[in-house]
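Summary of the model geometry
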Amino acid sequence: MTKDPRSTLLARHREALALFGERVHAVPPRRWGAPTPCSEWSVRDLVNHLTAEQLWVPRLLDGETAEDVGDELDGDVLGADPVAAWDAAAGAAVAAFGASGALRRTVGLSYGETAADAYCAEMTADAVVHTWDLSRAIGAEDRPPRPLVEAAGRVFGSYGDDMSPTGLFAAPLPAPPGADDWTKLLARLGRKA
C-alpha cells in the first residue's frame, strides 16, 4: 500500500513549521534585532514575515483571494509577544491545510490561481529555507532533516537555476566541490552554507 502524497506533504509542512517554531522559541531576547542572512531583515522581521505568511493560509483556503486580503497582513503582526503570535499563526496554518479536502482546493495568490497542494509545498519549502536563515542569525543548528531538504529541493528545483529575477532571492553562488544537496540548494538561493 503506497502512502498518500497529500499525507506526506502535510507531514513535511508540520515538520517545517515545527522546526522554525523551535528556532523562534530559542531566540534570546537581545537577538530580536540581530541581522539575518536575508540582508534587509532582522530576526524580528524574518519571524514577522513567516508569521504573516501563515496568517494568509486559513483565509486563502477559505476562499479569499490575495486581492480580498489586500494589505491587512502588512506591517507588524507579532505585537508584544512574537513567540505567541508565531505559535498561533503556525497552528492555524497547520489546521487549515489539514482540514478535510483542503489540499484539493484552489487558492487565489497574487500571481493567480494555484492548487492548494502546490501552495502547501511552497510554504513548506519557504519555511525550510527561512529556518536556516533564523538558525544562522541566532547561532542554532542550521541543517534541516533530509526529508525537509528533499521537499524544499523539489519546489525550488522546479524554478530553474537563477531565481534572483523574482526579487525574492539573491543571485546564485557557486557550490563548493562535492557539496551535498542542502549546500547546493542554498547556493542556488544565493546563500553560503
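Residues numbered from 1 in each chain as written. Predicted model: local features only at pLDDT ≥ 70, side-chain atom pairs only at ≥ 80, totals over all residues. Heavy atoms only, no water.

Time to look at the overall build of the chain. A count of helices and strands for the chain gives seven helices and two strands. Along the chain, helices (α) and strands (β) appear in the sequence α-α-α-α-β-β-α-α-α when read from the amino end. Since a compact globule built from 193 residues should have a radius of gyration of about 16 Å, the 16 Å found for the chain is in line with a globular shape. Along the longest, intermediate and shortest principal axes, the C-alpha atoms of the chain span 45 × 45 × 35 Å. Relative to its full complement of 193 residues, the chain shows a buried share of 46%. Sequence separation of 24 or more characterises 67% of the internal contacts of the chain that already satisfy a separation of 6 or more. Accessible surface, the chain: about 9800 Å² in total, of which carbon and sulfur atoms supply 53%. Seen as two clouds, the 19 positive and the 28 negative side-chain charges of the chain have centres 9 Å apart. (Helix = DSSP H or I, 4+ residues; strand = E, 2+ residues; numbered from the N terminus. Rg over C-alpha atoms; globule rule 2.2 N^0.38 Å. Buried < 20%, exposed > 50% of the residue type's maximum accessible area, 1.4 Å probe, protein only. Contact = heavy atoms within 4.5 Å. Areas by Shrake-Rupley, 256 points an atom, 1.4 Å probe, with all protein chains shown as cover. Lys, Arg positive; Asp, Glu negative; His and termini not counted. Charge placed at Lys NZ, Arg CZ, Asp CG, Glu CD.)

This brings us to the pairing of strand β2 (residues 112-115). Judged from the four bridges that link them, strand β1 (residues 106-109) and β2 form a sheet pairing that is antiparallel. Note on β2: the bridge partner recorded for Gly-108 is Glu-113. (Pairing = 2+ DSSP bridges.)

As enumerated under the stated definition, the model contains 10 salt bridges in all. Arg-59 is the partner of Glu-72 in a salt bridge, and the nearest nitrogen-oxygen pair spans 3.0 Å. With Glu-72 in the loop between α3 (66-69) and α4 (82-98) and Arg-59 in helix α2 (residues 43-61), the pair connects residues that are 13 residues apart, well separated along the chain. Take Arg-59: its relative accessible area is 21%, and that puts it in the partly exposed class. Close ionic contact of Asp-181 with Arg-146 constitutes a salt bridge, the shortest N to O distance being 3.0 Å. (Salt bridge = Lys/Arg side-chain N within 4 Å of Asp/Glu carboxyl O.)

Okay, the confidence of the model for the chain next. Counting all residues, the mean pLDDT for the chain is 89, and 91% of those residues have values of 70 or more. Mean pLDDT across the elements of the chain bottoms out in helix α7 (residues 181-188) (85) and peaks in α4 (98). (pLDDT = per-residue confidence, 0-100.)

A few words now on the environment of Ala-93. On the secondary structure map, Ala-93 appears in helix α4. Considering only alpha carbons, one finds Ala-93 and Cys-120, 27 residues apart in sequence, at a separation of 9.6 Å. Apart from residues lying up to four places away in sequence, Ala-93 is in contact with His-13, Leu-17, Gln-54, Val-57 and Pro-58.

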